Amino acid sequence: MYSPYIVTDRDGGIWTSYGDEGIYGDHPESSAGLARWDTDGTPTWSPRGRLPVWPLGGSAGATEEAAAWLAWYSHKGAFLSRVDPATGDITSYRNPLRDTDGIAVRGTRMLLTHRFHNRPGAELSRAELVDDAWVITAQEKLRLPGPVVMRCAQGRDGVLWLRAGDSWIRIEA
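Residues numbered from 1 in each chain as written. Predicted model: local features only at pLDDT ≥ 70, side-chain atom pairs only at ≥ 80, totals over all residues. Heavy atoms only, no water.

1. What about the packing of aromatic side chains?
Summed over all chains, the structure comprises five aromatic pairs. When the ring of Trp69 is compared with that of Tyr93, the centres are 6.1 Å apart and the planes differ by 20 degrees; the resulting orientation is stacked. Here Trp69 is found in strand β6 (residues 67-74), whereas its partner Tyr93 is found in strand β8 (residues 90-94), with 24 residues between them in sequence. Grouping residues by exposure puts Trp69 and Tyr93 together as buried. Between Trp69 and Trp134 the ring centres are 5.9 Å apart and the planes differ by 80 degrees, which places this aromatic pair in the edge-to-face class. Here Trp134 lies in strand β12 (residues 133-143) and Trp69 lies in strand β6, a separation of 65 residues in the sequence. Connected via pairs of aromatic rings, a cluster forms that spans Trp69, Tyr93 and Trp134. (Phe/Tyr/Trp six-rings, centres within 6.5 Å; stacked < 30°, edge-to-face > 60°. Helix = DSSP H or I, 4+ residues; strand = E, 2+ residues; numbered from the N terminus. Buried < 20%, exposed > 50% of the residue type's maximum accessible area, 1.4 Å probe, protein only.)

Dropping the structure here:
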């Protein structure tokens, strides 16, 4: 079971998103595309058909207080989903960017990144939630101290931690 993205929440939950190897495999949690696990490896949440379309793979994840945010894609486009683990409720939005590999969320503000693989740069986009849609408000190309690789960004409570070479860069939403 291959998971291209893993993020933890404040309560110790482990959120995973899966690529096609997991989704089209025979494990019930990975076949749903997104899952939450406890520290013993017991599944505690799955979408159970509550996503707008069937996911093909995950591309980024972040936590905001108790909620988890997952960026994922399908044949119908790219999406951002907010999951409240207390209720299981899911709110999904169209992702305003096609290729997202890092996100961080604080309220109605979001950071999204797109890396330039094995090169010392990334594109940073800032977005605002306006009328139930994420709208890009600013974009910039970041020159970083080292190359960026897959799964180089981690989002927690509105802060995006971006790994570049041997350094971590902190960016706030």
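2. Quick word on unusual backbone geometry
A positive phi is found at Asp132, a non-glycine position, where the angle reads about 65 degrees. Classification of Asp132 as exposed rests on a relative accessible area of 64%. Positive phi values are uncommon outside glycine, yet Asp157 reaches one of about 50 degrees. Its place among the elements puts Asp157 in the loop between β13 (153-156) and β14 (159-164).

3. With respect to the nonpolar core
Residues Leu111, Leu142, Leu144, Leu160, Leu162 and Ile171 are the most contacted members of the largest nonpolar core, which totals 14 residues. Going through the elements one at a time, β11 (121-130) and β14 are the ones with two or more residues in this core. Among the elements that make up this core, the one with the highest residue count is β14 (three residues). Residues in contact with Leu144, not counting those within four places in the same chain, are Pro120, Gly121, Ala122, Leu162, Ala164 and Ile169. Core analysis: the next-biggest nonpolar cluster, separate from the first, contains 13 residues, Ala62, Leu97, Met110 and Leu112 among them. (Core = buried A, V, L, I, M, F, W, Y, C linked by side-chain atoms within 4.5 Å. Contact = heavy atoms within 4.5 Å.)

4. Quick notes on the sheet that holds β8
Strand order in the open sheet formed by seven strands is β8-β7-β6-β5-β13-β14-β15, with mixed pairing between adjacent strands. Each having just a single partner strand, β8 and β15 (167-172) make up the two edges of the open sheet. Sheet twist, expressed as the mean angle between neighbouring strand axes with direction ignored, is 25 degrees. Sheet topology note: the β14/β15 ladder contains six bridges and is antiparallel. What sits directly across from Leu162, in β15, is Ile169. (Pairing = 2+ DSSP bridges. Axes fitted to C-alpha atoms, helices over the stretch in contact; angles between N-to-C directions.)

5. Considerations on the confidence of the model for the chain
Looking at the chain as a whole, its pLDDT mean stands at 84, while 88% of the residues score no less than 70. Across the chain, the element-wise mean pLDDT spans from 56 in helix α1 (residues 20-23) up to 96 in β12. (pLDDT = per-residue confidence, 0-100.)

6. Quick look at the sheet that holds strand β9 (residues 102-106)
Note on sheets: strands pair through backbone hydrogen bonds, and any given pair is parallel or antiparallel. In spatial order, the strands read β9-β10-β11-β12; together these four strands make up an open sheet with antiparallel pairing. One side of each edge strand has no neighbouring strand; the edge strands of this open sheet are β9 and β12. Across this sheet, the average inter-strand angle for adjacent strands is 20 degrees, counted without regard to direction. Two elements, β11 and β12, share 10 bridges in a ladder whose sense is antiparallel. Paired with Leu129 across the bridge in β12 is Trp134.

7. Examining the side chain of Glu64
Its location among the elements puts Glu64 in strand β5 (residues 57-64). Buried and without a salt bridge, Glu64 has Arg82 as its closest oppositely charged side chain, separated by 4.2 Å. A polar contact of 3.2 Å, which involves the side chain of Glu64, links it to the side chain of Trp69. Once you skip the residues sitting within four places of it in the chain, Glu64 turns out to touch Trp69, Arg82, Val105, Arg106, Gly107 and Asp157. (Lys, Arg positive; Asp, Glu negative; His and termini not counted. Salt bridge = Lys/Arg side-chain N within 4 Å of Asp/Glu carboxyl O. Polar contact = N/O pair within 3.5 Å; in protein donor to acceptor, adjacent residues only side chain to side chain.)

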